[in-house]
Amino acid sequence: MNVDIPELVRLRTQRPEAVAEAAARRRRRPLLDDNGRLMIVAADHPARGALGVGDRKLAMANRVDLLERLCLALDRPGVDGVLATADILDDLLLLGALDDKVVMGSMNRGGLQGASFELDDRFTGHRAEDIERLRFDAGKLLLRVDYDDPGSLTTLESTARAIDDMAARRLPVFVEPFLSSRTPEGRVRNDLSAEAVTKSIAIASGLGGTSAYTWLKLPVTENPDDMAEVMRTSTLPAVLLGGEVGEDQDGAYEKWRGALQLPTVRGLVVGRSLLYPADGDVAAAVDTAVGLL
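Remember, it's a predicted structure, so these values are computed and weren't measured experimentally.

**Description of the packing of aromatic side chains**
In this description, a pair of aromatic rings is defined by centroid distance and the angle of the planes.
At step 1: A full pass over the atoms with the stated rule returns two aromatic pairs.
At step 2: Between F174 and W215 the ring centres are 4.9 Å apart and the planes differ by 25°, which places this aromatic pair in the stacked class. With F174 in strand β5 (residues 173–182) and W215 in strand β7 (residues 214–218), the pair connects residues that are 41 residues apart, well separated along the chain.
At step 3: In this structure W215 comes out as buried when scored by relative accessible area, which is 9%.

Here is the structure:
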């Protein structure tokens, strides 16, 4: 799809209500289809100031390029939907790219990459009432816990209340938990050891007044062989996240393939590794990931 920027700008300036109108007429589908699996493409990184892909620091800053990659990915067989922030989802609504797709709103993007307050991850994106009003299908939130950073407590409490708000509306919410710490240089690092991922699952699963509508969005552990034991920590349904883009794409596929066989793992939510693959072939990367399901 060629993205017509002048037309998008015209609609935004002259008919801002067109976004709500497009949301109201969007054809919806169940969260899960007959195979009970989910393949979601993620594009909520820019709102946290995370624009880099590999060694390209501003790769995701070109909005036309990002939208075209998203539209290409969404058009591939087996792709169920998209996870993004309001600005990107509004563009996709105006482009008519979200019919019969699962739409997930990204809820907390306040922990800007590299900021001193990165772990005080306030809810600056979609609220539960926005997701309900726009007839979206689910929400997603990021929960990084650093035992040495008081900002994590704010994020924990806000996360619990967001889970409550989503459950009150019978809307699924995908919680992406990590145990994190800062390097000597001040950069936040997520611990992917089996013990850390196990603890993060236990913490996330117990948040809120009910877990009935809670899903988990989880990384594959450093040692993929640990995943079977780690995933015994909770009965909540889970999807796997893609993580950082690397040169060893085949290795990433193999990690996902094994974990996808576990009983609580129901699919993939992957962003940069599919939208910006090392070889540049978005369609092939997406098709390979779909094939793992």
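Next comes the rest of the description.
**Description of the pairing of strand β8 (residues 238–241)**
At step 1: Where burial is concerned, the two faces of β8 agree: the one with A238 and L240 and the one with V239 and L241 are both buried.
At step 2: One ladder, built from three bridges, connects β7 with β8; its direction is parallel. When the bridges of β8 are listed, L218 appears paired with L240.

**Describing unusual backbone geometry**
At step 1: One non-glycine residue with positive phi stands out, namely R135, at about 65°.
At step 2: Along the chain, R135 turns up in the loop between α5 (128–133) and β4 (138–145).
At step 3: The phi torsion at R170 lies on the positive side, around 60°, for a residue other than glycine.
At step 4: Tracing the backbone shows R170 in the loop between α6 (151–168) and β5.

**Points about the side chain of D120**
At step 1: Here D120 shows up in the loop between β3 (102–106) and α5.
At step 2: Separated by 2.7 Å, the side chains of D120 and R122 make a polar contact.
At step 3: Apart from the residues within four sequence positions on either side, D120 is in contact with G110, G111, G151, T154 and T155.

**Observations regarding the environment of V3**
At step 1: Inspection of the secondary structure assignment puts V3 in the segment before α1 (5–14).
At step 2: Separated by 64 residues in sequence, V3 and L67 place their C-alpha atoms 7.2 Å apart.
At step 3: Among residues more than four places away in sequence, those in contact with V3 are L8, V64, L67, E68 and L95.

**Considering the pattern of salt bridges**
At step 1: Within this structure, the stated rule accounts for 29 salt bridges.
At step 2: In this structure, the salt-bridge partner of R69 is D65, at a minimum N-O distance of 2.9 Å. Pair noted here: R69 and D65 are both in helix α3 (residues 63–74), with a separation of four residues, about one helical turn.
At step 3: Here K199 makes a salt bridge to E195, at a shortest N to O gap of 3.4 Å. In this pair, K199 and E195 are both assigned in helix α7 (residues 194–205), four residues apart and thus about one turn of the helix distant.
At step 4: Its relative accessible area of 39% is what places K199 among the partly exposed residues.
At step 5: Judged by relative accessible area, which is 54%, E195 ranks as exposed.
At step 6: A cluster of three or more residues bridged by salt bridges with shared partners is formed by D44, R109, K140, E176 and K217.

Calculation rules
- Residues numbered from 1 in each chain as written.
- Predicted model: local features only at pLDDT ≥ 70, side-chain atom pairs only at ≥ 80, totals over all residues.
- Heavy atoms only, no water.
- Phe/Tyr/Trp six-rings, centres within 6.5 Å; stacked < 30°, edge-to-face > 60°.
- Helix = DSSP H or I, 4+ residues; strand = E, 2+ residues; numbered from the N terminus.
- Buried < 20%, exposed > 50% of the residue type's maximum accessible area, 1.4 Å probe, protein only.
- Pairing = 2+ DSSP bridges.
- Polar contact = N/O pair within 3.5 Å; in protein donor to acceptor, adjacent residues only side chain to side chain.
- Contact = heavy atoms within 4.5 Å.
- Salt bridge = Lys/Arg side-chain N within 4 Å of Asp/Glu carboxyl O.

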